[in-house]
Amino acid sequence: EVQLVETGGGLVQPGKSLKLTCATSGFTFSNAWMDWVRQSPEKQLEWVAQIKDKSNNYATYYAESVKGRFTISRDDSKSSVYLQMNSLKEEDTAIYYCTVASAYWGQGTLVTVSS
Amino acid sequence: DIQMTQSPSFLSASVGDRVTINCKASQNINKYLNWYQQKLGEAPKLLIYNTNNLQTGIPSRFSGSGSGTDYTLTISSLQPEDVATYFCLQHSSRPRTFGGGTKLELK
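Residues numbered from 1 in each chain as written. Chains lettered and ligands numbered in written order. Predicted model: local features only at pLDDT ≥ 70, side-chain atom pairs only at ≥ 80, totals over all residues. Heavy atoms only, no water.

Chemist: Give me the state of the cysteines: which residues, what numbers.
Modeler: Going through the model one piece at a time under the given rule, you end up with two disulfides over all chains. Two residues, Cys 22 of chain A and Cys 98 of chain A, share a disulfide whose sulfurs are 1.9 Å apart. Between Cys 22 of chain A and Cys 98 of chain A, the disulfide has an S-S torsion of 45° and is therefore right-handed. Taken together, the residues Cys 22 of chain A in strand β3 (residues 18-25) and Cys 98 of chain A in strand β9 (residues 94-100) connect sequence positions 76 residues apart. Here the two residues Cys 22 of chain A and Cys 98 of chain A agree in accessibility, since each one is buried. Each sulfur in the disulfide pair Cys 23 of chain B and Cys 88 of chain B lies 1.9 Å from the other. Its S-S torsion of approximately -85° makes the covalent link between Cys 23 of chain B and Cys 88 of chain B left-handed. (Disulfide = S-S within 2.5 Å. Helix = DSSP H or I, 4+ residues; strand = E, 2+ residues; numbered from the N terminus. Buried < 20%, exposed > 50% of the residue type's maximum accessible area, 1.4 Å probe, protein only.)

Chemist: Lay out the interface of chain A and chain B in plain terms, naming residues and giving numbers.
Modeler: Listed as interface residues are 18 residues of chain A and, on the opposing side, 16 residues of chain B. Buried area between chain A and chain B, both sides added, is near 1300 Å², and the carbon and sulfur share of it is 59%. When the area that chain A buries against chain B is broken down by residue, the three leading residues are Leu 45, Trp 47 and Trp 105 of chain A, summing to 40%. Scanning the region where chain A abuts chain B turns up zero salt bridges. For the side of chain A that touches chain B, the secondary structure elements donating two or more residues are β4 (34-39), β5 (45-51) and β10 (104-105) of chain A. (Contact = heavy atoms within 4.5 Å. Buried area = accessible area lost by both parts, 1.4 Å probe. Salt bridge = Lys/Arg side-chain N within 4 Å of Asp/Glu carboxyl O.)

Everything listed here is a matter of coordinates, which is why it stays silent on function.
Take a look at the structure:
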């Protein structure tokens, strides 16, 4: 059974940093392309970032809204993907989901950016 | 970026009704279109991938169609458990983009 579990969310002040973790199981993680997607309080879904597998040189892609502030990474030995979020803004407030092939999603972790 | 315009944004229907939800892309997405169901407090769940392929375990009353810029999700006979918000996603190009959602309620 495919499982994805996101952790690391919380309340953070604007300008601060937070690192999200997505631990996975039930599929061959090392071959998978992983994405982070977020859902705003208004329920709009927004793709955030993607990381490809080793055979694709771990290429990464970002939404313009987070480029230069967020970094996606992975550790194949731990079957985990990460999202380092720096210089957070109030508009980054959302539930953050990790997904594999846009098919399987975790339960999400809530990030609230507020002073 | 490819814009996804989803309609209607709200839909009220009765049990047994045939329901259709539409997504229109701002350019050709070559059938790289997924449909998701999201129930209150849950993560989105994949229903249909690449326009018309039913995800494993999804009831056959759900189906998808379309090509080019226009895509449709159809529920052939609405059931009470289908009350949810439905989203489309284009994965033809980056950035991936979602439709604005259709909230489906029972009449």
